[in-house]
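Structural characterization, general
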Amino acid sequence: MDFQTDELTLQIAQTASDFARRHIKPYVMEWDETQEFPVHVFKEMGKLGLMGVLVPEIYGGAGLGYVEYATIIAEVAKVCGSVGLSVAAHNSLCTGHILAFGNEEQKQKYLPKLATAEWIGAWGLTEAGTGSDAGNMQTTAVKDGDGWILNGTKCWITHGKSGDVAVVIARTGEPRTKNNATAFVVERGTAGFSGGKKENKLGMRASETAEMIFDNCRIPDGNRLGKVGDGFKQSLKVLDGGRISIAALALGIAKGAYEAALQYSKERHQFDQPISNFQGISFKLADMATEIMASELLILQAADKKNKGLPMTKEAAMAKYYASEVAVKVASDAVQIFGGYGYTKDFPVEKFYRDSKLCTIGEGTSEIQKIVIAREVLQS
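Quick look at the structure, then.

What counts and how
- Residues numbered from 1 in each chain as written.
- Predicted model: local features only at pLDDT ≥ 70, side-chain atom pairs only at ≥ 80, totals over all residues.
- Heavy atoms only, no water.
- Helix = DSSP H or I, 4+ residues; strand = E, 2+ residues; numbered from the N terminus.
- Buried < 20%, exposed > 50% of the residue type's maximum accessible area, 1.4 Å probe, protein only.
- Areas by Shrake-Rupley, 256 points an atom, 1.4 Å probe, with all protein chains shown as cover.
- Axes fitted to C-alpha atoms, helices over the stretch in contact; angles between N-to-C directions.
- Parallel < 35°, antiparallel > 145°, perpendicular 65-115°, else oblique.
- Left-handed = near helix turned anticlockwise from the far one by under 90°.
- Contact = heavy atoms within 4.5 Å.
- Nonpolar A, V, L, I, M, F, W, Y, C, P; charged D, E, K, R; others polar.
- Salt bridge = Lys/Arg side-chain N within 4 Å of Asp/Glu carboxyl O.
- Phe/Tyr/Trp six-rings, centres within 6.5 Å; stacked < 30°, edge-to-face > 60°.
- Polar contact = N/O pair within 3.5 Å; in protein donor to acceptor, adjacent residues only side chain to side chain.
- Pairing = 2+ DSSP bridges.
- Core = buried A, V, L, I, M, F, W, Y, C linked by side-chain atoms within 4.5 Å.
- 1 Å grid on protein atoms, 1.4 Å probe; cavity = no way out; pocket = protein on both sides within 12 Å on 5 of 7 lines; lining within 4 Å.
- Points joined across faces, edges and corners; volume = space filled by probe spheres on them.

Time to look at the overall build of the protein chain. Regarding its fold elements, the protein chain presents 11 helices and 10 strands. Overall, the protein chain is about 80 × 50 × 40 Å in size when its C-alpha atoms are taken along their principal axes. Taking all 380 residues of the protein chain together, 52% fall into the buried category. Of the roughly 16,600 Å² of accessible surface on the protein chain, 53% is carried by carbon and sulfur atoms.

Written as structure tokens, this is what we have:
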């Protein structure tokens, strides 16, 4: 693996950074306070190719790889974790699932609209009683003539109310049996498909999280992704890429908190000198910088393997686990460096602190990542 950042990646990073600084940063706290999901911002990002990063150019996407994708997520999350989360969910989950498992007709139909953000994507696996116990999901799809009828509720879905199209995994077999789930594409406006409760969250408040409700929702068999029974196996592969997404999100939040704390430590004076001169502060900054760099290297390793089509479940889980824990620690230390000011909404580290916790939960908790890592290590 070449550790030298190439010119293309640097240009992409600058593009994402410039956009975030101009079009997101001035409104971060306004969106956070009101829980506004700023759809217009994602439409603008779509024009820059940031919403179809991994989609080949023949489908209207940017045709880039996972290193560039992780770079974009991190640059956006340095400014606003909420927007970074929504960019990640749209790209790697909904769009990524169709890209990986859709047939040519489905790709031609959905990817161009998703890649340009004409349509915002959602992805539905999680249910209230079956977070990690997906084999026991209660949302069902029953074959009915030349179509399927979906019933059930998905929860904690990014863009659950505002998404224009969703990939939904529903049970098509008996609970806890092998190959008992199938993936479907469901368009907003389909009879029987509606958004439910929107969650009032601690952090990531500008990224919409809501229920998706299916009440005798009939869809044609042409909306089925892949073979009947392959839905959960597909989801596991999609979630491997999703782990890189959340790791990059965590990296961006950590970088944002660290850079704010570093600048503040140079500007804040006590005893006639900047507080960065004190070991208690400088040692925190040293730990933060080291852990952020380690996180970035883990992410680059996983992204490089993903680009090459190599097995990367272990590497992605390691990146997600470590970067997420680092984000929480760095954000907490940043609040500490700011002191009382860090506990107020007048300074950015308060929001980085709230947003960071989602990274240890989204796409599987840190404990689940350790289970995945342990399994991979023991099998090897």
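For the pair helix α7 (residues 231-267) and helix α10 (residues 349-356), the least separation of the axes is 10 Å and the interaxial angle reads 155°. As the angle between them shows, α7 and α10 are arranged roughly antiparallel. The crossing of α7 and α10 is left-handed. Here Ile253, Gly256, Ala257 and Ala260 of α7 come into contact with α10, specifically with Val349, Phe352, Asp355 and Ser356. In terms of residue class, the contact of α7 with α10 is made up of five nonpolar, two polar and one charged.

With that settled, consider the pattern of salt bridges. Once the charged atoms of two side chains with opposite charge are near each other, the side chains can pair. In this structure the tally under the stated criterion is 24 salt bridges. Arginine 354 is the partner of aspartate 32 in a salt bridge, and the nearest nitrogen-oxygen pair spans 2.8 Å. In this pair, aspartate 32 sits in helix α2 (residues 28-34) while arginine 354 sits in helix α10, placing the two residues 322 residues apart along the sequence. Here aspartate 32 and arginine 354 have matching classes, each one buried. In this structure, aspartate 144 and arginine 218 form a salt bridge, with 2.4 Å as the shortest nitrogen-oxygen distance. Linking aspartate 144 in strand β2 (residues 140-144) with arginine 218 in strand β7 (residues 209-220), this pair joins segments that are 74 residues apart in sequence. On the basis of relative accessible area, arginine 218 is assigned to the partly exposed category, the value being 38%. Bridged by salt links that share partners, the residues Asp32, Glu33, Lys345, Glu350 and Arg354 form one connected network.

Under the criterion given, the structure shown has 11 aromatic pairs. Taking 6.4 Å as the distance between ring centres and 80° as the angle between the ring planes, the aromatic pair formed by phenylalanine 271 and phenylalanine 278 counts as edge-to-face. Judged by its relative accessible area of 70%, phenylalanine 271 falls in the exposed class. Of the residues examined, phenylalanine 278 reaches a relative accessible area of 28% and is grouped as partly exposed. One aromatic cluster is present, formed by Tyr264, Phe338, Tyr341 and Phe347 through successive ring pairs.

So, about the side chain of glutamine 106. The residue glutamine 106 is located in helix α6 (residues 104-115) in this model. The buried category is assigned to glutamine 106, whose relative accessible area is 3%. Aside from chain neighbours lying at most four places away, what touches glutamine 106 is Ile98, Leu111, Gly222, Asn223, Arg224 and Leu225.

What follows concerns the environment of asparagine 91. Checked against the element boundaries, asparagine 91 lands in helix α5 (residues 81-101). Of the residues examined, asparagine 91 reaches a relative accessible area of 3% and is grouped as buried. With 31 residues separating them in the primary sequence, asparagine 91 and alanine 122 have C-alpha atoms 9.6 Å apart. Beyond its immediate sequence surroundings of up to four residues, asparagine 91 is in contact with Leu50, Met51, Gly52, Val53, Leu54, Tyr69 and Gly96. Looking at asparagine 91, its side chain comes within polar contact range of the main-chain oxygen of leucine 50, at 3.2 Å.

Quick look at the packing of α5 against α7 now. Contact geometry for α5 and α7: axes closest at 9 Å, N-to-C directions at 160°. In terms of orientation, α5 and α7 fall into the roughly antiparallel class. Regarding α5 and α7, the two cross each other, and that crossing is right-handed. Residues Gly81, Gly84, Leu85, Ala88, Ser92, Leu93, His97 and Phe101 of α5 pack against Gln234, Ser235, Lys237, Val238, Gly242, Ser245, Ile246, Leu249 and Ile253 of α7. Partitioning the contact of α5 with α7 into residue classes produces eight nonpolar, eight polar and one charged.

Once that is clear, we can look at the pairing of strand β1 (residues 121-124). With burial as the criterion, each face of β1 is covered, one bearing Gly121 and Trp123 and the other bearing Ala122 and Gly124. Pairing of β1 with strand β4 (residues 165-171), which is carried by four bridges, proceeds in the parallel orientation. The residue bridging glycine 124 from the neighbouring strand is valine 168, located in β4.

This next bit is on the nonpolar core. Of all hydrophobic cores here, the largest spans 70 residues; its most connected members are Ile24, Met45, Val83 and Leu249. When residues in this core are grouped by element, the largest group, 14 residues, is from α7. Among residues more than four places away in sequence, those in contact with methionine 45 are Phe19, Leu50, Met51, Val83 and Val87.

A volume near 1,300 Å³ is recorded for the largest pocket. Thr126, Ile361, Gly362, Glu363 and Gly364 are, among the 48 residues lining the largest pocket, the residues nearest its centre. Listed by contribution, the elements that provide at least two residues to the lining of the largest pocket are α5, β1, β3 (147-158), α7, α10 and α11 (366-379). Counting residues per element, the lining of the largest pocket draws most heavily on α7, which supplies 10 residues. Among the residues making up the lining of the largest pocket, the classes are represented as 22 nonpolar, 14 polar and 12 charged. Its boundaries defined by the atoms lining it, the second largest pocket holds a volume of some 650 Å³.

Worth remembering: the numbers are spatial, not functional.
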